[in-house]
Amino acid sequence: MSPILDPNSLECPTHSWEQTQRMGVRLGELLRAGGDTLLHEIGNALRAHDELFLSNASRIINGFPDRAADYLLPELGRVEAGIADRLVRQLLPHRPEGLADAVRPLLNQPDTRLQATALRTLVELDDNSAARHAEAALHSDNPRLRAAGVHGVLVLPCEAAYPTALQVWQALLQGNTEDRLAALTLFPELNRLQANDRERLAAAQQACALDLLQHGDHAIILRTLAACRDCQCNRIPGLDPVIIRLLGESNPELRRSAIACANQLCDEQRDACLLRALEDGHASVRQEAVDALASGSRDLA
């Protein structure tokens, strides 16, 4: 067996990130040069180390999406919840045959993040069971699942459940921190609301986001910034000074996430912030600024 496929080597905890990346590149080369037998062998080798499995699964999905699903989908029930969640997100854009069948059992997993991802995936696939699961999720005791239920009801849509979904959304905005963070994931759904509801909830969402960006916990701020990044319906009034303040934080992840929200800034502020970020001392912040500049114009009202 090639050393790159040696399970003992794959289990070694001393591999650096760079070594893992090189191993993934080599596996991709072997995959492209080989057939089904080698594909199966690589799949077995990846089982020896879940993190290696995930990094190389990403390469296989991007290179061979039609073949990758054949052995990646059966792994969804085996790998730990965080990896399964990321794997489903990676597979969804390719919509491989059998994805819905593989995802449905994940709704019964104890991890609520994975359950919510599974529900959102079934909604995106317009699965026959999606409406039933979305309506049921509205009554969950977990805010992440309730938000996923609101998403499903509005996207499918389930017109009969619209009033309940609206009530759930409003309740999330008035709840505790986790409730409010879950509500912020619904920014993209504002455009699916009826006009009067959209205006009222947009104002409440924006106020909630600005309040959570003052939180002392960096993890809360990062989750709020991720939600603000996805708010494409309109700019969030008052966000500009917050982004500028966060660019002065010592935590590079806060600075990177702030730059990821550059689409929310007015043109003058956006350009100034991006130029500032291009000179940041951390590579991830500079790269985020490059990506924002490359993205060009944005569609904000």
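This section reports on the structure supplied with the text. Please read all numbers here as calculations on a predicted model, not as lab measurements. (Residues numbered from 1 in each chain as written. Predicted model: local features only at pLDDT ≥ 70, side-chain atom pairs only at ≥ 80, totals over all residues. Heavy atoms only, no water.)

A few points about the overall build of the chain
Within the chain, the regular secondary structure consists of 18 helices and 0 strands. Taking contacts inside the chain between residues at least 6 apart in sequence as the whole, the part at least 24 apart equals 64%. Within the structure as shown, the chain displays about 14,800 Å² of accessible surface, and the carbon and sulfur contribution to it stands at 48%. (Helix = DSSP H or I, 4+ residues; strand = E, 2+ residues; numbered from the N terminus. Contact = heavy atoms within 4.5 Å. Areas by Shrake-Rupley, 256 points an atom, 1.4 Å probe, with all protein chains shown as cover.)

Focus on the layout of surface pockets
One number sums up the size of the largest pocket: a volume of about 980 Å³. Contributions of two or more residues to the lining of the largest pocket are made by α8 (112-124), α10 (143-155), α12 (177-184), α14 (218-229) and α16 (252-260). Residue contributions to the lining of the largest pocket peak at 7 residues, all from α8. Here the lining of the largest pocket is composed, by residue class, of 15 nonpolar, 7 polar and 12 charged. (1 Å grid on protein atoms, 1.4 Å probe; cavity = no way out; pocket = protein on both sides within 12 Å on 5 of 7 lines; lining within 4 Å. Points joined across faces, edges and corners; volume = space filled by probe spheres on them. Nonpolar A, V, L, I, M, F, W, Y, C, P; charged D, E, K, R; others polar.)

Examining α12
Of all 8 residues in α12, 6 are buried, a share of seventy percent or more. Buried residues in α12 make contact with α10, α11 (162-173), α13 (195-212) and α14. (Buried < 20%, exposed > 50% of the residue type's maximum accessible area, 1.4 Å probe, protein only.)

A few points about the environment of R192
Tracing the sequence through the fold places R192 in the loop between α12 and α13. Each C-alpha atom, one on R192 and one on P157, is 9.2 Å from the other, the two residues being 35 residues apart in sequence. Residues in contact with R192, not counting those within four places in the same chain, are L154 and V155.

Some details on the pattern of salt bridges
Here the structure, examined in full by the defined rule, presents 14 salt bridges. Among the salt bridges present, the one from E178 reaches R223, with a minimum N-O distance of 3.1 Å. Of this pair, E178 sits in helix α12 while R223 is found in helix α14, placing the two residues 45 residues apart along the sequence. Beyond isolated ion pairs, a larger network of salt bridges with shared partners links D101, R104 and D127. (Salt bridge = Lys/Arg side-chain N within 4 Å of Asp/Glu carboxyl O.)

Observations concerning helix α17 (residues 267-277)
Counting along an α-helix, one turn takes 3.6 residues, and residues three or four places apart therefore face a common direction. Among the residues of α17, those classed as buried are R270, C273, L274 and A277. In a view along the axis of α17, the buried residues occupy a sector of 100 degrees, so they form one face of it. Set apart from the buried face of α17 by more than 90 degrees, the exposed residues are E268 and L275. Looking at the buried side of α17, the elements it contacts are α15 (239-246), α16 and α18 (283-295). (Arc of directions from axis to C-beta.)

Regarding a nonpolar patch on the surface
Taken together, L275, L278, V290 and L293 make up a surface patch of nonpolar side chains, about 330 Å² in accessible area. Position of V290 among the secondary structure elements: in helix α18. Under the relative-accessibility criterion, V290 is labelled partly exposed at 39%. (Patch = residues over 30% accessible without salt bridge, like charges linked within 9 Å, V, L, I, M, F, W, Y side chains within 5 Å.)

In short, the description is geometric, and any link to function would need to be established separately.
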